[in-house]
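Okay, here's what each chain looks like letter by letter:
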Amino acid sequence: METSQEIEKQKQYIEKVKEANKGKNLKYYILTMGCQLNENDSEKLCGMIEEMGYAKTEQYQEADLVLFNTCCVRENAEDKLFGKLGELKRVKEQKGTIIAIGGCMMQEKHITDKIHESYPYTDIIFGTHTLHKFPEDLYKTIQSKTKMQDVLDIDGEVYEGLPIKRTSNIKASVTIMYGCNNFCTYCIVPYVRGRERSRHPKDILEEVEQLAKEGYKEITLLGQNVNSYLIVEQWKEKNIDYQGINSFATLLRAINKIDGIERIRFVSPHPKDFTDDVIDAIAECEKVCKLVHLPLQSGSTNVLKRMNRKYTKEQYIELVDKMKSRIPNLTLSTDIIVGFAGETEEDFEDTLDVVKKVCFEQVYMFIYSRRVGTPGDKMPDQIPEEIKHERFNKLKELVESQIEENNQKYVGTIQKVLVEGPSKNNPELLTGRTDSNKVVIFEGPAELKDKIIDLKIVSEHMWYLKGEI
Ligand code: SAH
Ligand code: SF4
Ligand code: F3S
């Protein structure tokens, strides 16, 4: 079946569920774990669920439908899910709540087996390739009160035209490609998200144009490896060239031209695919933020090789130097894993060395977590937990001292800030973010919400800056 026909079919199921739920005032609760891609998937799930007549609640106890969108990139997510499922048992018994679990973790057989065994009251299990079929799965569950499992092992298609309910009205995420072909040896994502598939440029441009019309100012382009956008099997023979778009760089340039959009971000690019045309596009497109997330993972060439990252310590540093020389005011953020199998003290020192040299604006630090089914899990010389924690703390100390130093450079400067609204910790104050994604807190009238304004930075605090109009 064509993907568009499949979506039409799901829209009919949406109508059927809506009809079945008429006048019942039903509520749903959703918990999203994991990355921005999963959050974007949840926005699509919320879009479908709200069209089916459910209103959102933050209290799972009062929900008629509870949905978990799961992540399995690190171990702690599993404990969290099983804890939540345990808590739901009583609620299910009292209320007959429908329990649905989707996302990356559901692509792992040892997890779905455990759910069948220990949490048999779960109603719907769906995977990453069947998200669009949620209306059909839900309808069948409501009608026949049977349990559903709808997980596909093969790669899904790219489905367009699902309803979407976004969490913000100024910042929006737009997925541009699905899946990953890189198979970094520590990572589960390629196994649970399948091979790389890019969306058609026309669908992406139309989505961004629509967002601009609705008043969105900031767009984040999402993918596990955004700079392999369109350079994948699926498009090779098709010779796609929609409005001159045939690569990630040309996509950035096209989005940069859309009126109304003021900021463009993207996550995550892979250093091995960071070609010169992308660097030029970032430098020349005024809306593309000059904060680039460039995942390092490790600073040791030995470890990078075992991780299958396909670049060396020196190549990473050369790339950073080239980017800094061509993109004025460039800042960088990164992801680092400590304690990967076989990481020696010397390897770890290499990571610290790269961090010292590059001086990142922000570092997302992770302790290596063994994932069943990945090559990393089977490697000898796994690092003991205490050493992983020691190294993590050492890295954290270095990163925090750099952030503090870095923050001082902001004091006295004028920054363009996209105002997001009242601060969560102090509703008297407003909060917003700089181009480099720093949080700025300041005093000002509520009408500034959703606007980009100039602020003078007056002081710095570890996790935020203070500004004045
Ligand atoms: N595709 C992106 C991000 C994928 S997951 C990229 O390549 O950068 C987000 C981050 O989680 C990764 O960058 C990595 O730092 C971390 N991560 C992935 N697998 C992990 C594991 N098994 N243990 C610890 N951290 C992991
Ligand atoms: Fe995982 Fe590597 Fe793919 Fe990122 S690029 S999702 S870290 S396999
Ligand atoms: Fe997690 Fe899946 Fe994202 S494993 S990090 S939610 S792609």
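These remarks concern the structure in this document. (Residues numbered from 1 in each chain as written. Chains lettered and ligands numbered in written order. Predicted model: local features only at pLDDT ≥ 70, side-chain atom pairs only at ≥ 80, totals over all residues. Heavy atoms only, no water.)

1. Looking at the sheet that holds strand β11 (residues 263-267)
Now for step 1: Pairing within the open sheet is parallel, and its three strands lie in the order β7-β10-β11. The open sheet is flanked by β7 (171-175) and β11, the only strands paired with a single partner. Neighbour-to-neighbour, the strand axes of the sheet open up by a mean angle of 25°, direction not taken into account.
Now for step 2: Bridging between strand β10 (residues 218-222) and β11 involves five bridges; their strand directions are parallel. Bridging from a neighbouring strand, Glu-218 pairs with Arg-263 of β11. (Pairing = 2+ DSSP bridges. Helix = DSSP H or I, 4+ residues; strand = E, 2+ residues; numbered from the N terminus. Axes fitted to C-alpha atoms, helices over the stretch in contact; angles between N-to-C directions.)

2. Remarks on the packing of aromatic side chains
Now for step 1: Within this structure, the stated rule accounts for 10 aromatic pairs.
Now for step 2: Here the aromatic rings of Tyr-186 and Phe-340 are separated by 6.2 Å at their centres, their planes lie at 85°, and the arrangement is edge-to-face. Taken together, the residues span a long stretch of sequence, with Tyr-186 in the loop between β8 (177-178) and α6 (189-193) and Phe-340 in the loop between β13 (331-338) and α13 (345-358) at a distance of 154 residues.
Now for step 3: For Tyr-186, a relative accessible area of 10% puts it in the buried group.
Now for step 4: By the ring-pair criterion, three or more aromatic residues cluster together here, those being Phe-82, Tyr-119 and Tyr-121.
Now for step 5: A cation over a ring is seen here: Lys-114 above Phe-82, with NZ or CZ 4.6 Å from the ring centre. (Phe/Tyr/Trp six-rings, centres within 6.5 Å; stacked < 30°, edge-to-face > 60°. Buried < 20%, exposed > 50% of the residue type's maximum accessible area, 1.4 Å probe, protein only. Lys NZ or Arg CZ within 6 Å of the ring centre and 35° of its normal.)

3. Digging into the site of ligand 2
Now for step 1: Taken together, the neighbourhood of ligand 2 is formed by Cys-180, Asn-182, Phe-183, Cys-184, Tyr-186, Cys-187, Val-189, Pro-190, Gln-224, His-270 and Arg-309.
Now for step 2: Grouping the amino acids of the shell around ligand 2 by side-chain chemistry returns seven nonpolar, three polar and one charged. (Near = heavy atom within 4 Å. Nonpolar A, V, L, I, M, F, W, Y, C, P; charged D, E, K, R; others polar.)

4. With respect to the packing of helix α12 (residues 313-326) against α13
Now for step 1: The geometry of α12 relative to α13 is characterised by a closest axis approach of 11 Å and an angle of 10° between their N-to-C directions. One way to sum up the angle between α12 and α13 is to call them roughly parallel. Two secondary-structure elements touch here, α12 through Lys-313, Tyr-316, Ile-317, Val-320 and Lys-324 and α13 through Asp-350, Asp-353, Val-354, Lys-357 and Val-358. (Parallel < 35°, antiparallel > 145°, perpendicular 65-115°, else oblique. Contact = heavy atoms within 4.5 Å.)

5. As for the environment of Pro-120
Now for step 1: Residue placement: Pro-120 occurs in the loop between α4 (109-118) and β5 (124-126).
Now for step 2: As a C-alpha pair, Pro-120 and Lys-147 span 27 residues in sequence and 8.9 Å in three-dimensional space.
Now for step 3: In this structure, Pro-120 is in contact with Ile-115 and Lys-147, ignoring residues within four places of it in sequence.

6. Quick notes on the pattern of salt bridges
Now for step 1: Inspection of every chain in the model, using the stated rule, returns 39 salt bridges.
Now for step 2: Across the salt bridge formed by Glu-206 and Lys-202, the nearest N and O atoms sit 3.3 Å from each other. With Glu-206 and Lys-202 both in helix α7 (residues 201-213) and four residues apart, the pair spans about one turn of that helix.
Now for step 3: Look at Glu-206 and you get partly exposed, because its relative accessible area is 39%.
Now for step 4: Asp-353 serves as the salt-bridge partner of Lys-313, at 2.7 Å between the closest nitrogen and oxygen. Here Lys-313 is found in helix α12, whereas its partner Asp-353 is found in helix α13, with 40 residues between them in sequence.
Now for step 5: Among the residues examined, Asp-353 registers a relative accessible area of 23% and is labelled partly exposed.
Now for step 6: Within the structure, one salt-bridge network assembled from shared partners comprises Glu-43, Glu-160, Arg-166, Arg-199 and Glu-207. (Salt bridge = Lys/Arg side-chain N within 4 Å of Asp/Glu carboxyl O.)

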